[in-house]
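The residues making up each chain are set out below.
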Amino acid sequence: MAEDQSENNVIIDTDVGVDDTFCMANFLALHRKNRCKVLGITTVCGNIATEKAYQSACILVKDVLKITDVPVYRSGCSEFNDCNCSFFYGQDGHCGTLKKQSNRKFNSPEITSEQFLIEQLTTKQNITLVAIGPLTNLAKAEKLCPGVLKKCKELIVMGGAVYEPGNCPKTNMESEYNFGMDGAAARCVVSSGVNLTLFPLDVTSSVRFDIVQLLNRSSRTKQKEFYKDCIEGTFSAMVLHGETKPDDKRLNIHDVHCFVYYMDPELYSIEEMRISVDEEGRVIREGDDQLTIHPVKIALSGRDDLRITQLVLGMFD
């Protein structure tokens, strides 16, 4: 990763769950140190409903992390999915802890998430687009302005399941959550020709993070109670939904791998594969179907779990 901030513009598109927060907080820590410039955060329905995602992101950025120079935008195209949210991390996406941080309500900006994406991608260079929720905003931007996604330097996506089973209730667990929540959008983005690197469940479920270590490091921060509630609440949700056993004190933090890859791509084994995505968000590998196939880069495993963990814990420094 280059150190020159002007070469490291970042936009984060998020559905604002706890795993999203680990990714966003790491990028915002870089932003504070002038090692990247986060141009904005665009929210979308996914973990939680459209309006809740916007309000939670505003509280997180402005009131919890105290970031004043990164705007947050609300999706104008994802409310159709509000009825399908799993609320895995609770109604606020953060295990109920955001209400302890702030009771502010934020007005929506004049432009929507998808409009902001188009505006930035058509006027600025060297943008890395990090998409860690359903791809509804990105697909809408591509439909409104064909070819716009290809203007980014790279699109890093947490989504899809190549060999692993899915985790999306909307599709009866046939697909990964972000892809399954809006399969048509995932298909649109994959087929857009963008320089895409995909982080599917195959890698995000296999590299896990020690809870005691997370709690110890986060206890040094001003936000220690917030992180404690998020970490413990996420573990409880994982146990409740059968994603881990009560004695396995490790967390899946799916979205944070997009940040780690941004920092050091060599920490993952990346394969170029030819895939498509069906309307249910299932990843179709070349030879499995007659759908139009597209080349993408896919991370299938981590190469150094210790180094990955060290980079993630950097958010607490």
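In case you missed it, the structure is sitting above this.
Model, not experiment: these values are computed from the prediction.

Trainee: Tell me about the side chain of Asn178, residues and numbers included.
Mentor: With respect to the helices, strands and loops of the structure, Asn178 is situated in helix α6 (residues 177-181). Separated by 2.9 Å, the side chain of Asn178 and the backbone oxygen of Met158 make a polar contact. Dropping the residues within four chain positions of it, Asn178 is found in contact with Asp15, Ile132, Gly133, Pro134, Leu135, Met158, Gly159 and Asp255.

Trainee: If you had to explain the side chain of Thr136 to someone new, which residues and values would you point to?
Mentor: Looking at the secondary structure, you find Thr136 in helix α5 (residues 136-144). Under the relative-accessibility criterion, Thr136 is labelled buried at 5%. Residue contacts for Thr136: discarding those within four places in its chain leaves Val44, Cys77, Ser78, Phe80, Asp182 and Ala185.

Trainee: Any chance you could break down the nonpolar core for me, citing the residues and the numbers?
Mentor: In this structure, Ile12, Phe22, Phe27, Ile41, Leu214 and Tyr268 are the most contacted members of the largest nonpolar core, which totals 68 residues. Counting residues in each nonpolar core, the second largest holds 36 residues, with Leu129, Leu155, Leu198 and Met273 among its members.

Trainee: How would you summarise the pairing of strand β1 (residues 9-14) if you had to cite specific residues and measurements?
Mentor: In terms of burial, β1 is a largely internal element, six of the six residues being buried. Residue alternation in β1 divides its side chains into two sets, Asn9, Ile11 and Asp13 and Val10, Ile12 and Thr14, and both sets are buried. Here six bridges tie β1 to strand β2 (residues 37-43), and the two strands are oriented parallel to one another. Bridge assignment links Asp13 to a residue of β2, and that residue is Thr42. Where the polypeptide runs from β1 across helix α1 (residues 18-32) and back to β2, its parallel neighbour, the crossover connection is right-handed. Pairing geometry for β1 and strand β4 (residues 127-131), over five bridges, is parallel. Residue Asp13 lies in a different strand from β4, and its bridge partner there is Ala131.

Trainee: Give a description of the layout of surface pockets that names residues and reports values.
Mentor: By rolling a water-sized probe across the atoms, one finds the places where empty space is left. The volume enclosed by the largest pocket comes to roughly 600 Å³. Forming the walls of the largest pocket are 28 residues, and the residues nearest its centre are Phe88, Asn167, Tyr177, Glu243 and His254. Mapped by element, the contributors of at least two residues to the lining of the largest pocket are α1, α6 and α10 (224-240). Residue classes in the lining of the largest pocket are distributed as 10 nonpolar, 10 polar and eight charged.

Trainee: How would you sum up the packing of helix α4 (residues 113-123) against α5? Please name residues and give values.
Mentor: Orientation of α4 relative to α5, taken along the N-to-C sense of each, is 60°, at an axis distance of 8 Å. If you check the angle between α4 and α5, you find them oblique. In this structure, α4 crosses over α5, and the sense of that crossing is right-handed. Here α4 contributes Ser113, Glu114, Leu117 and Ile118 to the contact with α5, which in turn contributes Asn137, Leu138, Lys140, Ala141 and Leu144. In terms of residue class, the contact of α4 with α5 is made up of five nonpolar, two polar and two charged.

Here is what the cut-offs are and how they apply
- Each chain carries its own residue numbering, running from 1 in the written order of its sequence.
- The predicted nature of this model means local features are confined to residues of pLDDT at least 70 and side-chain atom pairs, given and counted, to a pLDDT of 80 or more, with totals for whole chains, interfaces and linings taken over all residues.
- To get the side-chain values, take all heavy atoms of the structure and skip hydrogens and water.
- Helix and strand labels come from DSSP, where a helix needs a run of H or I of at least four residues and a strand needs a run of E of at least two; each type is numbered from the N terminus.
- Here a polar contact means two N or O atoms within 3.5 Å. Within protein one must be a hydrogen donor candidate and the other an acceptor candidate, and residues neighboring in sequence count only if both atoms are side-chain atoms.
- Throughout, a contact is declared for two residues whenever any of their heavy atoms are within 4.5 Å.
- Here's how the labels work: a residue is buried when its accessible area is under 20% of the maximum for its type, exposed when over 50%, partly exposed in between, all with a 1.4 Å probe on protein chains only.
- To qualify as a nonpolar core, a set must consist of buried Ala, Val, Leu, Ile, Met, Phe, Trp, Tyr and Cys residues joined through side-chain atoms within 4.5 Å.
- Between any two strands, pairing holds if DSSP finds at least two bridges.
- If the strands point away from the viewer and the path from the first strand over the helix to the second runs clockwise, then the crossover is right-handed.
- Here a cavity denotes grid points, spaced 1 Å and computed from the protein atoms alone, that fit a 1.4 Å probe unable to get out, and a pocket denotes an open set having protein on both sides within 12 Å along at least 5 of 7 lines; residues with an atom within 4 Å of a point are the lining.
- Grid points are joined across faces, edges and corners, and a volume is the space filled by probe spheres set on the points.
- Side-chain classes follow a simple rule in which Ala, Val, Leu, Ile, Met, Phe, Trp, Tyr, Cys and Pro form the nonpolar group, Asp, Glu, Lys and Arg form the charged group, and the remainder, Gly included, forms the polar group.
- Lines fitted to C-alpha atoms define the axes, with helix axes restricted to the stretch in contact, and inter-axis angles between N-to-C directions lie between 0 and 180 degrees.
- Orientation is classified from the angle alone, with under 35 degrees giving roughly parallel, over 145 giving roughly antiparallel, 65 to 115 giving roughly perpendicular, and any other angle giving oblique.
- Left-handed describes a crossing whose near helix is turned anticlockwise from the far helix by less than a right angle; the clockwise case is right-handed.

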